[in-house]
Amino acid sequence: MKVCHFTSAHPAKDIRIFIKECQSLAKAGHDVSLVVANAETEEDKGVHIIGVKSNSKGKLSRMLKTTVSVYKTALKQNADVYHFHDPELLPFGLLLKSKGKRVIYDVHEDVPRQILSKAWIPKALRGIISWTFEKFENFAAKRFSAIVGATPYITERFVNMGCHAVNVNNYPVLSELYIPETNWSQKTKAVCYIGGINEIRGAKEMVEAIGKTDAKLFVGGKFSPPSLKENLMTTDGWKNVIDLGFVSREKVAETLSNSYSGLVLFHPKPNHINAQPNKMFEYMSAGIPVISSNFDLWKQIIEGNNCGICVNPLDPNAIAEAISWIVDHPEEAKQMGVNGRQAIEQQYNWEQESIKLVGLYESI
């Protein structure tokens, strides 16, 4: 089939979209294009990346202008199946469906619940915006050829509405981040956090906690807003932080290999409690223990596989105790890492998820 993925908000080499989904479909023999804003047009790993220039600045401009440009370019591909990844593209998914195209909506987040925690939306408006968006999303979803949900929780919501929905988890590629020769005795006495850095993902608690230990914290990613970094740099804990800035996938693998544990300490917000953060599985895939929030779902994964420690993400003292225990017990930590890697190999890997994605395409 001729397949066109399109996104207005994600980068060209997005892990889920490009590395996992587009490449898997190309390997299955499909002719795959990826239309993406602000990227170079190129051929990579069998995928035709088609860049769309955009001068939009800010979220509102992107939603009003970039989406139109991305849609028009995607339409020109005259694909058999269109697969889009951003809620702001829902109207254009409906337009494609009205033209007789098969359309798949890839739902990465539980957006109605996510809206309730969006700092850039005034608190007084979050409830009504969340309700309004959910009504529109439900209306659109019922008209698409299929829904791809990134977690079981998201997928179940659309199944219950009668949609053709398939759960394709955002699990790691088995070979990408694992360095089997890792020598634990040569690791830096450090833990790490890789990903978007903001308050509701536990930035303040992580920095305060690391300051209560004699370990270091590798931080890789973008601070949002930038003033958050400036504020954290004035705290006592910052002396133990090693800021890596943006890190390539190769640098991510190196950082994980050099760390005793990975942190994923999201606050108990509605969109977090039933989420399955990609970084949690990436830490497991790299063979290091996970120190995570003590949400029920996360405890089932982490404690159920004996591959880390779950703590109250709002308690820096509890986080510090977990970090200290990990770095002071390297043999036990190493075994936790082994347990996590085994769980990835047996269950939580992209290789199994890709089979479901390819099967979905065949079914429509």
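Here the structure is a predicted model, which means the values were calculated and not measured. (Residues numbered from 1 in each chain as written. Predicted model: local features only at pLDDT ≥ 70, side-chain atom pairs only at ≥ 80, totals over all residues. Heavy atoms only, no water.)

**Student:** Help me understand the pattern of salt bridges in this model?
**Tutor:** Throughout the structure, instances matching the rule amount to 19 salt bridges. A salt bridge links D44 to K45; the nearest nitrogen and oxygen atoms lie 3.5 Å apart. The class of D44 is buried, set by a relative accessible area of 16%. Overall, the relative accessible area of 57% leaves K45 in the exposed class. In this structure, D110 and R113 form a salt bridge, with 3.0 Å as the shortest nitrogen-oxygen distance. No difference in accessibility class separates D110 from R113, as the two residues are buried. (Salt bridge = Lys/Arg side-chain N within 4 Å of Asp/Glu carboxyl O. Buried < 20%, exposed > 50% of the residue type's maximum accessible area, 1.4 Å probe, protein only.)

**Student:** Which parts of the structure should I look at to understand helix α13 (residues 316-328)?
**Tutor:** Every α-helix carries 3.6 residues per turn, so stepping three or four residues along brings you back to the same face. Between its first and last C-alpha, α13 extends 18 Å over 13 residues, near the 18 Å set by a 1.5 Å rise per residue. Of all the positions in α13, only P316, A318, I319, A320, A322, I323, I326 and V327 are classed as buried. Sitting at the amino-terminal end of α13 is D315, which places a side-chain oxygen 3.0 Å from the backbone nitrogen of N317. (Helix = DSSP H or I, 4+ residues; strand = E, 2+ residues; numbered from the N terminus. Expected span 1.5 Å × (residues − 1). Polar contact = N/O pair within 3.5 Å; in protein donor to acceptor, adjacent residues only side chain to side chain.)

**Student:** Before we go on, may I ask you to explain a nonpolar patch on the surface in this structure?
**Tutor:** On the surface, L125, I128, I129 and W131 cluster together into a nonpolar patch covering about 390 Å² of accessible area. Among the secondary structure elements, L125 is positioned in helix α5 (residues 123-141). (Patch = residues over 30% accessible without salt bridge, like charges linked within 9 Å, V, L, I, M, F, W, Y side chains within 5 Å. Areas by Shrake-Rupley, 256 points an atom, 1.4 Å probe, with all protein chains shown as cover.)

**Student:** Sorry, what's going on with the sheet that holds strand β6 (residues 102-107) here?
**Tutor:** Within a sheet, neighbouring strands are paired by backbone hydrogen bonds and run either parallel or antiparallel to one another. Read across the sheet, eight strands follow the order β3-β4-β2-β1-β5-β6-β7-β8 without closing on themselves; strand pairing throughout is mixed. Of all the strands in the sheet, the pair left with one neighbour each is β3 (42-44) and β8 (165-167). Sheet twist, expressed as the average angle between the axes of neighbouring strands with direction ignored, equals 25°. Looking at chain direction, β3 and strand β4 (residues 47-52) are connected through three bridges and run antiparallel. By the bridge assignment, D44 is partnered in β4 with V47. Of the strands in this sheet, β1 (2-7), β5 (81-84) and β6 are in contact with helix α3 (residues 90-98), which crosses β6 at around 160°. (Pairing = 2+ DSSP bridges. Axes fitted to C-alpha atoms, helices over the stretch in contact; angles between N-to-C directions. Contact = heavy atoms within 4.5 Å.)

**Student:** Is there a simple way to think about the nonpolar core in this case?
**Tutor:** In a soluble, globular protein the nonpolar side chains are often hidden away together inside. Among the nonpolar cores identified, the biggest contains 60 residues, and L256, M280 and M284 are the most heavily contacted of them. A total of seven residues in this core trace back to one element, the largest contributor, which is α13. Among residues more than four places away in sequence, those in contact with M280 are V264, V290, W298, I301 and I302. (Core = buried A, V, L, I, M, F, W, Y, C linked by side-chain atoms within 4.5 Å.)

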